[in-house]
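# A look at the structure
Residue strings, one per chain:
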Amino acid sequence: MHYVVIGAGPAGVNAAEHLRKNDPSGEITLLAAEDAPPYSRMALPYFLVGNISAEGTYLRKDADHYSRLGINVRHARVSSVDTGAKSIQLLGGDSLAYDKLLVATGATAVKPPVPGIDLEGVYNCWSLADAHKIIDRAAPGSNVILMGAGFIGCIILEALAARKVNLTVIEMEDRMVSRMTNETMGNMIKSWCEDKGITVLTGTRVDSIEENGGALSVATNTSKTLPADLVICATGVRSNTAFLDKSNIKIDMGIVVDDFMQTSVADVYAAGDVAQGKDLSTGDYYVQAIQPTAVEHAKLAAWSMVHGHTSPTPGKLNMNVLDTVGLISTSFGLWMGTDGGEEAELVDTERYKYLNLQFKDDVLVGASSLGMTQHVGCMRGLIQTGARLGDWKDKLLEEPNRLPEAYLASAQAQNKTLER
Ligand SMILES: Cc1cc2nc3c(=O)[nH]c(=O)nc-3n(C[C@H](O)[C@H](O)[C@H](O)COP(=O)(O)OP(=O)(O)OC[C@H]3O[C@@H](n4cnc5c(N)ncnc54)[C@H](O)[C@@H]3O)c2cc1C
């Protein structure tokens, strides 16, 4: 049995390891497009800050790790897949036959169509190669413009602030991290950043970037023009599926998969940022683009590839935990609420504390928080298990801060049921 895994990010690496665990004797090939050993994008901010070296971003630190497991890592980019012939074409002309294939090619950061976006000094922050280029320009005191204050933008923001650059964030939406915050929470994050000396321009669009004698200038729709030594573009990503154009594999926003991570073509699976997998809260299929989901997808795909379709996923919980210059924000499940649901909110603007709970009947279906890390485990636990809260729902509507007590009560009730 020859298993081929395309892509050596967290999904690809975890899948290869779990294939080995589930099948001690099969042949495993892991195809890595980039020159570096398999690494974690999540670790790039720590590299930018200088807390770790480039080697510190590698997913597995032991140089013999893959060969010890009998995983053949091959540095090659896949150019197309022929699912009829069960064959993969590599850039440069080679081809490779597979019995079972996993596509774990992740996503690529995109740049918006703005004049000057391809100038030297305008970079994404998506790969180890990008991080090296950013470090070269982001010296203390330099003028840095960050386009985009979404989840990834805010993670990069934290690293740039630590490099002591003169930072301006430009965000088209009316608030920061709009995909995990309501207006109140987004505005609190903005004001926290401004308190830390970061300029945040929400509701603002970059119209063009120009270069003059090595210096960049960024023009916005508010007619403000800003000088820049470096512009970082964190305005969105696109799943890496172009090489599958002629493969017959069904693609929507990402690769469409079933509850076993199989694509529309037999013996071809997908996992991670490239896969449109099932969401626990809604039952819908979409690209979650977070690392915990990539790792869970990988484990399930490896299981299904070896043992068959015996263990369907109930779906993955969408969750985001973000550290924005020391302020921790979180969102879980249906944090934006649901039709016919009820909401509890606690707001303490001065102390940067915020908690929002969303209920459907007596079940917690979503939550978001700011500066309240003590509630994170309870929010996740209650949403993930879908535990019925009974009387505790009304208590939480009055006093959302009593969440840990509600969690404990629900865990005790579950234990009693198990004992019976
Ligand atoms: C700066 C930054 C910070 C982040 N922080 C967090 C965080 O705090 N929490 C969190 O949950 N998520 C975070 N993420 C997102 C997280 O990194 C991704 O969800 C995760 O990397 C997805 O893993 P993956 O294996 O699916 O894709 P990737 O990590 O993108 O790996 C895909 C691999 O496939 C390779 N590939 C692509 N095309 C081909 C091809 N044709 N042939 C061969 N190989 C190919 C790519 O080069 C890449 O190595 C962050 C991302 C970035 C950029």
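First, a word on scope: everything that follows refers to the structure included in this document. (Residues numbered from 1 in each chain as written. Predicted model: local features only at pLDDT ≥ 70, side-chain atom pairs only at ≥ 80, totals over all residues. Heavy atoms only, no water.)

## Let's talk about the overall build of the protein
Rule in force here: In this description a helix means any DSSP run of H or I spanning at least four residues, a strand means any run of E spanning at least two, and both kinds are numbered starting from the N terminus. This radius of gyration counts C-alpha atoms alone. The globule rule is 2.2 Å times how many residues there are, raised to the power 0.38. Accessibility here uses a 1.4 Å probe with only protein chains present; expressed as a share of the type maximum, an area under 20% marks a residue as buried, one over 50% as exposed, and anything in between as partly exposed. For this analysis, residues touch if any pair of their heavy atoms sits within 4.5 Å. All accessible areas in this document rest on Shrake-Rupley with a 1.4 Å probe, and a residue is counted as covered only by the protein chains that are shown.
Check the secondary structure of the protein and you find 10 helices and 26 strands. On C-alpha atoms alone, the protein measures out to a radius of gyration of 23 Å, which is about the 22 Å that the 2.2 N^0.38 rule sets for 420 residues. Principal-axis analysis of the C-alpha atoms places the extent of the protein at approximately 75 × 60 × 35 Å. A buried classification covers 51% of the 420 residues belonging to the protein. Looking at the protein alone, contacts between residues at least 24 apart form 61% of all its contacts between residues at least 6 apart. Summed over its atoms, the accessible surface of the protein is roughly 19,000 Å², and 48% of this surface lies on carbon and sulfur atoms.

## Digging into the environment of tyrosine 66
Along the polypeptide, tyrosine 66 turns up in helix α3 (residues 65-68). Taking C-alpha positions, tyrosine 66 is 9.2 Å from valine 13, a pair spaced 53 residues apart along the chain. Tyrosine 66 has contacts with Val13, Leu30, Pro38, Leu59, Arg60, Ile71 and Val73, leaving out every residue within four places of it along the chain.

## Considerations on the pattern of salt bridges
Where we set the bar: Salt bridges, as used here, are contacts in which a Lys or Arg side-chain nitrogen is within 4 Å of a carboxyl oxygen on Asp or Glu.
Under the criterion given, the structure shown has 15 salt bridges. Between aspartate 174 and arginine 175 there is a salt bridge; the shortest N-O distance is 3.5 Å. Note on aspartate 174: relative accessible area 47%, which makes it partly exposed. Residues joined in a network through salt bridges with shared partners are Lys86, Lys100 and Asp267.

## Quick look at the sheet that holds strand β11 (residues 166-170)
Selection criterion: Note: two strands are recorded as paired if DSSP finds a minimum of 2 bridges between them. Convention adopted: a line fitted to C-alpha atoms gives each axis, helices being fitted over their contacting stretch, and angles between N-to-C directions are expressed from 0 to 180 degrees.
Taken together, five strands build an open sheet; the order of strands is β9-β16-β10-β11-β12 and the sheet is parallel. Single-partner strands in this sheet number two, and they are β9 (122-124) and β12 (199-201). If you compare each strand with its neighbour and ignore which way they point, the axes differ by 20 degrees on average.

Note that all results are geometric; they support no functional claim without further evidence.
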